[in-house]
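Notes for the structure review
The primary structure of each chain is shown beneath.
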Amino acid sequence: MEAFLQFFNDYTLRNVLLGTAWIGVVSGSLGTFAFLRRQSLLGDVISHATLPGVVLAFLVWQRREIGVLMIGAAGTGLLATALIQVVDTRTNIKRDGAMGVALAVFFGIGVLLLSMIQNLPTASQAGLDKFIFGQAAALVQSDVTVLLAAGGVVLAALLLLWRELKIVTFDPDFARAAGFRVTVLEGGVVTLIVVATVMGLQTVGVILMSAMLIAPAAAARQWTDRLSIMVLVAALVGGTSGAAGAVVSAFGPQIPTGPVVVLVLTALVLVSLFLGRKRGLVWRWHRQRRSRKLADPDTVLGALGALEAAHAGTVRGHPKAVVRMAVGQSAQVGQALAALRQAGLADEHDGDWSLTERGRSEAGRRARDQGG
Amino acid sequence: MSSLEFEILVTAMTVSAACAVPGAYLVLRQMSMVADAISHTVLLGIVLAFLVVPLYGHPLMVFGASVMGVVTVLGIDLLKRTGLVREDAAIGITFPALFSLGVLLISLLARDAHLDEHMVFQGDLVYSVFQRLELADRGYGPMTLWKMAGIFLLNGALALRFHRELKIATFDPVLAATLGISPSLVHFGLVLMTSVTAVGAFDSVGSILVIGFMVVPPVTARLLTDSLARYLGLSILLGCASSLGGFWIARTVNGSVGGSISLVMGAMFVAVLLASPRRGLVADWRRRRRQRVEFAVRMLVIHLFQHRTLGPRTEENHAGHLEVHLGWSAEFSRRITELAEVRGLISRVDTHWLGLTSVGERQAEQALAG
Amino acid sequence: MQTMPPALEVNDLTVAYRDKPVLWDVDLQVPTGVLMAVVGPNGAGKTTLIKSVMGLMQAAAGSVQVFGEPAGRQQVRRIGYVPQRTSVDWDFPTSVRDVVAMGRYNRGGLWRRTDRRDAERVARALATVDMEDLADRQINELSGGQQQRVFLARALVQDADLYLMDEPFQGVDAVTEQSMVSVLRRLQEQGRTVLAVHHDLRTAPVYFDWVALLNVRLIASGPMAAAFSECNLQETFGGLAPAWANPPATTAA
């Protein structure tokens, strides 16, 4: 307990916690749009493609403040998306191929640059390779300030353009027909996604940042049918996972933050898939079972009556399976038939069920009642 | 070039060739991002297999680790089939989770020289050749080379043996099913081949760069040819050529060999993207421009044909009105009119009004008939 | 007094995919206040015609005028648009009311939110298409016909003078189709103009009073009685002209 309190009093750790939670909030909100636009893997490409930008920015300015590195990262991230766009629209190459090429080539160049920096005698590349998996402990006060500012801009843009983003995501053709500048807005969405991705590089790392965009949205989608609530839930999920990752990785120096965050996120996604309101798998199974619930004796009586009326004089009885089909779906009719037999309304011979005299008149009376 | 350097180069080329075979089919089947997922998640397979069989590079371990690729694809499929998330999100959720598990296990459990974070994302071709294959106290060169050569031969043999199945299952799954070829068997066979290759290439190029080796050469080859056989050959060839160029760059700048090869692959792709004689952007731009002119001539002929009943001197066939009606610039209108005149499709009724020649009329009729 | 310009005037519209023509030199006039059906076989360019009028597709040549003015960002706001139902993802997290409200999103600047007047307008449109009971339903719970009615309501709140509809009756049951037709009639009574892609030759002369027969080029257009002739249909559909199509003379509408 004391260690716990100390943790929150620790100035550095408070920074780390605030920073990672904030990154989760921003990427979760924005990732919702990537998720709905079916661009989940674009985030993956962008985050891998930021690596050369980070290293180049470091080489050019010889500094490793997060703001500086973010500029480089955003540069190559946007370049990669532009490459995908050109290849996708102008050649016979499919979009997935274009994405694979962009991801691999940019990341490879990043690896090359990183290996060259490590060979430089003077440069202290200290911690630049932490960008691969992220190390939240490296966050300092000034980094957090930059993150707060960048995230604030992203969220402000999101609020300001809420209706535009919504309509462009749902129905781009209608949006264009209604006079919206769809191309500009779509470019804007991608730019915002790039900024959100870049924000998380230092703490979550280039490889796993894409999950930070997509997983919160995937979890949130299971809980609500409203876009606004979905964005809020995604922000909450992202923030929680970010904070949890920071706390866990703070306890062990060799635990990278990114993987912890992703595993917390994955757990939340799985919980949401199973328990999510209305859509959740557990409810779905439950509903399926309930629809297979016990049929009540009255219904079975009616069904049996109808069967006998239809096949009057031709057969002596009907097997259970036929009764079940007559009742509908996959209802369990066994108990109901047993109850009818006990009440003296139905009887069984060699597995075939038929109504007794009393049962037949009872069924006939009910059919008349219902028919009015 | 020292013999060590030569070995590195040959190993790099072998890795490229081995990766290009499954890669070519992955690109055709639009599974590039699935390859990305597999290349990430084999890491977990390697870590788990390493815990069971602590012999790096042992065939049993390679195969065990490769199962993770199949698990990944099954996981993606399962997620997709819940109907709760779409395929892109299913991929984007599955592989980071498995990859994270792998990374965490590495940092917590297996503090081994072969399994540090550095290895994970870039591998090390230079380092990998230090592992020698030794039998009865005789050295037979780097182990990785033998391993990747084996995988290449295996991939090649499988691709040749099942060429027909792969081809039909890729282009017409329904036909494949009626011919008794199971599309899903082909699918998972390819997934397994991809995983084995990714695991095999792990120590030389790492878990992530390998996707470049698989995807970039085939995508580049696709821009150069439409023939399947040539496409496959070209994929391997481009991979090997990139390795050669990449090796040279790495030696010059003293940097990562895998990264340099990726750079060369990227450069090659961009060069082909721009200059490919049939599919390149420059050729495409030229063709579009030519098509625009050709199309405009046909359009002019049809325009005059459609309005021929209005009489010889109406607004519709006034040379000056083409700009208004067709939305062309004055310059473009003049160019197209002149071209159509030179070709004998139109003639001038007088200076301002245009009419169709009999040749032009016939052409218009043909064009409208389909 | 000057004669009123037509609601829509298309001149020499040519649209091509690469060098393959989709529309060849189409001239079309849609007078104000008519209900016009665009009829033609598959691949005739019906959707392309609608989309290029809306500026969603680039034309190789030609001009489009809406109420006498060149179609541009401003003029496009006088058009209400009903796209094909299958053009969007119906699993999007939003309600029926929300989708209909999108028809008002282009009014006002960045800061404007949906106000009471918008809300009333949306409620009225929902009532017009008989969807007020489902207003707060999530859109993935709708049937095809209900989805089509949502799109119609969204176009209604656009308060347009000209409506372009791409297969508005696709996947709609007979009862819904009748009620949608009466909505179109009401639009006409209010002096608005409707141009709709329609694929059912039997109902075209019943629902619409003008027609455009299209097969890459425009075969004929004009009042139903004049343009919807056996001969024109034959030319539009080629040898495949469905014999069961009712020529207008025999239609009791």
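Residues numbered from 1 in each chain as written. Chains lettered and ligands numbered in written order. Predicted model: local features only at pLDDT ≥ 70, side-chain atom pairs only at ≥ 80, totals over all residues. Heavy atoms only, no water.

**Re the overall build of chain A**
Operational definition: Think of it this way: any DSSP run of H or I at least four residues long counts as a helix, any run of E at least two long counts as a strand, and we number them from the N terminus. For this measure, only C-alpha atoms enter the radius of gyration; the expected value for a globule follows 2.2 Å times N^0.38, where N is the number of residues. Per-residue accessibility, obtained with a 1.4 Å probe over protein chains only, is compared with the maximum for each type, and a residue is labelled buried under 20%, exposed over 50%, and partly exposed between these values. Pairs of residues are marked as contacts when any of their non-hydrogen atoms sit within 4.5 Å. Using a 1.4 Å probe, accessible areas were evaluated by the Shrake-Rupley method; residue-level cover was limited to the displayed protein chains. Under this rule, positive means Lys or Arg and negative means Asp or Glu; His and the chain ends count for nothing. To locate a charge, the coordinates of NZ of Lys, CZ of Arg, CG of Asp or CD of Glu are taken.
Of the regular secondary structure elements, chain A holds 19 helices and 3 strands. For 372 residues, the compact-globule estimate of 2.2 N^0.38 gives 21 Å, and chain A exceeds it by more than 25% at 31 Å. When its C-alpha atoms are laid out on the principal axes, chain A stretches across 100 × 60 × 35 Å. Scored against the burial criterion, the 372 residues of chain A give a buried share of 55%. Intrachain contacts of chain A at a sequence separation of at least 6 include 71% that bridge at least 24 residues. Total accessible area on chain A is roughly 15,500 Å²; 62% of this is exposed by carbon and sulfur atoms. If the 33 positive side-chain charges of chain A are averaged to one point and the 23 negative ones to another, these points end up 3 Å apart.

**Some details on the interface of chain B and chain A**
Which entries qualify depends on this criterion: Salt bridge, as used here: a side-chain nitrogen of Lys or Arg that lies within 4 Å of a carboxyl oxygen of Asp or Glu. In the analysis that follows, any N or O atom pair within 3.5 Å is treated as a polar contact, provided that within protein one partner can donate a hydrogen and the other can accept it, and provided that, for residues neighboring in sequence, both atoms belong to side chains. Classification used: nonpolar for Ala, Val, Leu, Ile, Met, Phe, Trp, Tyr, Cys and Pro, charged for Asp, Glu, Lys and Arg, polar for all others including Gly.
Contact residues are listed per partner, giving 57 residues for chain B and 56 residues for chain A. Our count for the chain B to chain A interface comes out at 0 salt bridges. The interface formed by chain B and chain A holds 8 residue pairs in polar contact (both at pLDDT 80 or more) in total. If you list the elements that add at least two residues to the side of chain B that touches chain A, you get α2 (32-52), α4 (87-108), α5 (117-122), α11 (202-222), α13 (257-275) and α14 (281-306) of chain B. Here the side of chain B that touches chain A gets 15 residues from one element, more than from any other, and that element is α4 of chain B. The residue inventory of the side of chain B that touches chain A, partitioned by class, reads 30 nonpolar, 17 polar and 10 charged.

**Let's talk about the packing of aromatic side chains**
The geometry of an aromatic ring pair comes down to the distance between the two centres and the angle between the two planes. Quick reminder of the rule: Only Phe, Tyr and Trp rings take part, Trp by its six-membered ring, and two of them pair if their centres are within 6.5 Å. Stacked means planes under 30 degrees apart, edge-to-face means over 60, and tilted covers everything else. By the criterion adopted, a ring carries a charge over it if an Arg CZ or a Lys NZ lies within 6 Å of its centre and within 35 degrees of its normal.
Tallied over the full model, the rule gives 8 aromatic pairs over all chains. For the ring pair F169 of chain C and Y207 of chain C, a centre distance of 5.5 Å and an interplane angle of 65° mean the geometry is edge-to-face. In this pair, F169 of chain C sits in the loop between β7 (162-166) and α5 (174-189) while Y207 of chain C sits in helix α6 (residues 204-207), placing the two residues 38 residues apart along the sequence. The aromatic ring of F162 of chain B is capped on one face by R161 of chain B, whose charged end is 4.6 Å from the ring centroid. If you follow R154 of chain C out to its NZ or CZ, it ends over the ring of F174 of chain A, 3.5 Å from the centre.

**Focus: the interface of chain A and chain C**
Test applied: When two parts are put together, the accessible area they lose, computed with a 1.4 Å probe and summed over both, is reported as buried area.
With 26 residues of chain A in contact, the opposing surface of chain C contributes 37 residues. Here chain A packs against chain C, burying approximately 2,900 Å² in sum over the two surfaces, 56% of which is carbon and sulfur. The three residues of chain A that bury the most area against chain C are R163, F170 and F174 of chain A, which together make up 29% of that side's buried surface. For the interface between chain A and chain C, the tally reads 5 salt bridges. Scanning the region where chain A abuts chain C turns up 9 residue pairs in polar contact (both at pLDDT 80 or more). Every element with two or more residues in the side of chain A that touches chain C is listed here: α8 (162-170), α9 (172-177) and α13 (227-251) of chain A. Among the elements that take part in the side of chain A that touches chain C, α8 of chain A stands out by supplying 6 residues, more than any other. Tallied by class, residues from the side of chain A that touches chain C come to 11 nonpolar, 2 polar and 13 charged.

**Section: the sheet that holds strand β1 (residues 318-319) of chain A**
Residue and element names in this part refer to chain A. Our working rule: When DSSP finds at least two bridges between two strands, those strands are taken to pair. With axes taken as lines fitted to C-alpha atoms, and helix axes fitted only over the stretch in contact, angles between N-to-C directions fall between 0 and 180 degrees.
An order of β1-β3-β2 is seen for the 3 strands of this open sheet, with the pairing classed as antiparallel. Two strands close off the open sheet at either side, each with one partner strand: β1 and β2 (346-349). Pairing between β2 and strand β3 (residues 352-355): 4 bridges, direction antiparallel. Following the sheet pairing, H349 is matched in β3 by D352. Along the sheet, helix α16 (residues 297-310) makes contact with β1, β2 and β3, crossing β3 at roughly 95°. Along the sheet, helix α18 (residues 334-342) contacts β2 and β3; its crossing angle with β2, the most-contacted strand, is approximately 110°.

**Section: the layout of surface pockets**
Spelled out, the test is: Throughout, the protein atoms alone are placed on a 1 Å grid, and a set of points is a cavity if a 1.4 Å probe fits but cannot get out or a pocket if it is open with protein on both sides within 12 Å along at least five of seven lines; lining residues have an atom within 4 Å of a point. Grid points are joined across faces, edges and corners, and a volume is the space filled by probe spheres set on the points.
Estimated volume of the largest pocket: approximately 1,400 Å³. Along the wall of the largest pocket there are 37 residues; nearest its centre are R288 of chain B together with A16, Y17, R18 and Q58 of chain C. Broken down by secondary-structure element, the contributors of at least two residues to the lining of the largest pocket are α4 (66-90) and α9 of chain A, α14 of chain B together with β1 (8-17) and β4 (61-66) of chain C. Taken together, the residues of the lining of the largest pocket sort by class into 16 nonpolar, 9 polar and 12 charged. Estimates place the volume of the second largest pocket at around 1,100 Å³. Along the walls of the second largest pocket sit 34 residues, with R38, Q39, R95, D96 and M99 of chain A positioned nearest its centre. Secondary structure elements with two or more residues in the lining of the second largest pocket: α3 (40-61), α4, α5 (95-119) and α10 (182-199) of chain A together with α2, α3 (59-81), α4 and α10 (183-200) of chain B. Per-element accounting of the lining of the second largest pocket gives the leading share, 5 residues, to α4 of chain A.

**Here's the deal with the pairing of strand β8 (residues 193-197) of chain C**
Residues and elements named next belong to chain C. Heads up, the condition is: By convention a crossover is right-handed if, when the strands point away from the viewer, the path from the first strand over the helix to the second runs clockwise.
With 5 of 5 residues buried, β8 lies mostly within the body of the structure. Pairing of strand β3 (residues 35-39) with β8, which is carried by 4 bridges, proceeds in the parallel orientation. Bridging from a neighbouring strand, M36 pairs with L195 of β8. In the sheet, β7 pairs with β8 via 5 bridges, with the strands oriented parallel. Residue M165 lies in a different strand from β8, and its bridge partner there is A196. Crossover handedness for the path β7 to α5 to β8: right-handed.

**Re the confidence of the model for chain B**
Residue and element names in this part refer to chain B. Just so we agree on the cut-off: pLDDT is a residue-level measure of predictor confidence that goes from 0 to 100.
Taken residue by residue, chain B gives an average pLDDT of 85. The fraction at 70 or more is 91%. Across chain B, element-level confidence peaks in α13 with a mean pLDDT of 95 and bottoms out in α5 with 57. This complex was scored by the predictor with a pTM of 0.83 and an ipTM of 0.87.

**Observations concerning the pattern of salt bridges**
Residue and element names in this part refer to chain B. Counted under the stated rule, the structure contains 34 salt bridges over all chains. Two residues, R81 and D77, come together in a salt bridge whose shortest N-O distance is 3.1 Å. One end of the pair is R81 and the other is D77, both in helix α3 and 4 residues apart, which spans about a single turn. Notably, a salt bridge pairs D226 with R222, separated by 3.1 Å at the nearest N-O pair. For D226, a relative accessible area of 41% gives the class partly exposed. Accessibility expressed as a relative area gives 23% for R222, which makes it partly exposed. Within this structure, D77, K80, R81 and E87 form a network of salt bridges that share partners.

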